[in-house]
Amino acid sequence: MEVLRSILSCFSSRSRSRTRAQSHALWSSGASDKNKSMVEQLQRYGIIRSSKVAEVMEAVDRGLFVPPGGSPYFDSPMLIGYNATISAPHMHAACLELLEKNLQPGMRALDVGSGTGYLTACIALMVGSEGRAVGVEHIPELVATSIENIKKSAAAPQLNDGSLSIHIADGREGWPELAPYDAIHVGAAAPQIPEALIEQLKPGGRMVIPVGTMFQELKVVDKKLDGTVCIRDETSVRYVPLTSKEAQLHAN
Ligand code: SAH
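Residues numbered from 1 in each chain as written. Predicted model: local features only at pLDDT ≥ 70, side-chain atom pairs only at ≥ 80, totals over all residues. Heavy atoms only, no water.

Where an unreviewed UniProt entry is consulted, the protein appears under the name Protein-L-isoaspartate O-methyltransferase, with the organism given as Panicum miliaceum. Per UniProt, the comment on the protein under Sequence similarities (unreviewed entry) is "Belongs to the methyltransferase superfamily. L-isoaspartyl/D-aspartyl protein methyltransferase family." (UniProt positions renumbered as here; feature names shortened; annotations may be inferred.)

Quick look at the structure:
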């Protein structure tokens with residue numbers, strides 16, 4: 001409660017143009033049928049501005065993470081089973097951009113709702129072998145598949161050297177064993193920001209988390225060096241819920 005009491009809602013700066021852009025597919029033809037051209041499209045649309053984000057998204061082939069029959073380079077979420085989706089490329093890119101300063105080499109990052117493992121792999125390349133990338137996902141089958149996916153990807157060496165790991169757990173509790181984190185990404189929408197995640201954010205750390213049920217906002221949560229927490233809305237989004245395993249599996 002102490003932590004929540006110190007939350008300051010500093011400002012609410014919504015980027016209207018990006019809100020519009022991100023609520024629709026940015027391209028819809030087969031033009032982006034390869035990973036590299038997908039990244040180039042994201043750069044052209046101004047979603048990717050950082051050369052480091054472009055580099056890691058080029059290095060990690062999204063095609064390894066989308067189940068057979070899907071269109072990995074199409075700018076849309078794709079079903080991955082268990083009532084879950086892999087987020088659209090522009091959302092992954094936008095979240096990496098928002099977290100970039102907190103994903104420097106040697107830093108520690110948590111990916112809650114790691115699903116296919118795609119973003120965890122990108123995060124691992126950002127923080128490097130001296131850093132730590134931790135994925136938490138509550139569906140054991142998705143964790144098993146994500147590890148197989150990562151083994152085929154550019155992030156495979158980091159699974160071996162221990163700087164990248166994926167765990168079966170309820171992400172609403174974070175992963176306290178390796179806290180505090182410089183960066184936390186949450187890939188599913190919480191009704192409210194889980195207090196455990198705020199606690200596990202390092203002073204100077206940043207969390208990006210979709211919040212809401214029917215209407216959701218992507219929130220950027222910054223913990224200042226003095227421990228105060230500042231929250232702003234980045235854009236309107238639509239994510240699957242951050243919920244219990246039972247509620248997710250029986251959603252339909
Ligand atoms: N970011 C991932 C997955 C996004 S879908 C990707 O792009 O591949 C959201 C994921 O969150 C799903 O895999 C879902 O199973 C998971 N999830 C939902 N609630 C969770 C919880 N309480 N704990 C851990 N994972 C959760």
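Caption draft 1: Spotlight on the pairing of strand β2 (residues 78-81). Pairing of β2 with strand β3 (residues 84-86), which is carried by three bridges, proceeds in the antiparallel orientation. Of the residues in β3, the one forming a bridge with Leu79 is Thr85. (Pairing = 2+ DSSP bridges. Helix = DSSP H or I, 4+ residues; strand = E, 2+ residues; numbered from the N terminus.)

Caption draft 2: Spotlight on helix α4 (residues 51-59). Turning to α4, its buried residues number three or more, namely Val53, Ala54, Val56 and Met57. Between a side-chain oxygen at the N-terminus of α4 and the backbone nitrogen of Lys52 the separation is 3.1 Å; the capping residue is Ser50. (Buried < 20%, exposed > 50% of the residue type's maximum accessible area, 1.4 Å probe, protein only. Polar contact = N/O pair within 3.5 Å; in protein donor to acceptor, adjacent residues only side chain to side chain.)

Caption draft 3: Quick peek at the site of the ligand. Surrounding the ligand, one finds 24 residues, the nearest of these being His92, Thr116, Glu137, Gly171 and Thr243. Interatomic distance of 3.2 Å between a backbone N/O atom of Ser87 and an oxygen atom of the ligand. Within the side chain of Asp170, a nitrogen or oxygen atom sits 2.9 Å from a nitrogen atom of the ligand. When the ligand sits alone it has 570 Å² of accessible area, and the protein chains cover 99% of it. A per-element tally of the shell around the ligand places β3 first, with three residues. Residues of the shell around the ligand, tallied by class, amount to nine nonpolar, 12 polar and three charged. (Near = heavy atom within 4 Å. Areas by Shrake-Rupley, 256 points an atom, 1.4 Å probe, with all protein chains shown as cover. Nonpolar A, V, L, I, M, F, W, Y, C, P; charged D, E, K, R; others polar.)

Caption draft 4: Broad picture of unusual backbone geometry. Cis geometry marks the peptide bond from Ala179 to Pro180, where omega comes out at 5°. Checked against the element boundaries, Pro180 lands in the loop between β6 (164-168) and β7 (181-186). At Tyr82, a residue that is not glycine, the phi angle is positive and equals roughly 60°. Look at Asn83: it is not a glycine, yet its phi comes out positive at around 60°. Within the element layout of this structure, Asn83 appears in the loop between β2 and β3. With relative accessibility at 30%, the residue Asn83 sits in the partly exposed group.

Caption draft 5: Structural view of the side chain of Thr120. Mapped onto the secondary structure, Thr120 falls in helix α6 (residues 118-127). When its relative accessible area of 0% is taken as the criterion, Thr120 is described as buried. Discounting chain neighbours no more than four positions away, the residues touching Thr120 are Asp111, Ser114, Ala133, Val134, Gly135, Leu164 and Ile166. (Contact = heavy atoms within 4.5 Å.)

Caption draft 6: Up close: the packing of α4 against α6. Their axes nearest at 9 Å, the elements α4 and α6 cross at an angle of 125°. Judged by the angle between their axes, α4 and α6 are oblique. α4 and α6 meet at a crossing whose hand is right-handed. Seen from α4, the contacting residues are Lys52, Val53, Val56, Met57 and Ala59; seen from α6, they are Tyr118, Cys122, Leu125 and Met126. (Axes fitted to C-alpha atoms, helices over the stretch in contact; angles between N-to-C directions. Parallel < 35°, antiparallel > 145°, perpendicular 65-115°, else oblique. Left-handed = near helix turned anticlockwise from the far one by under 90°.)

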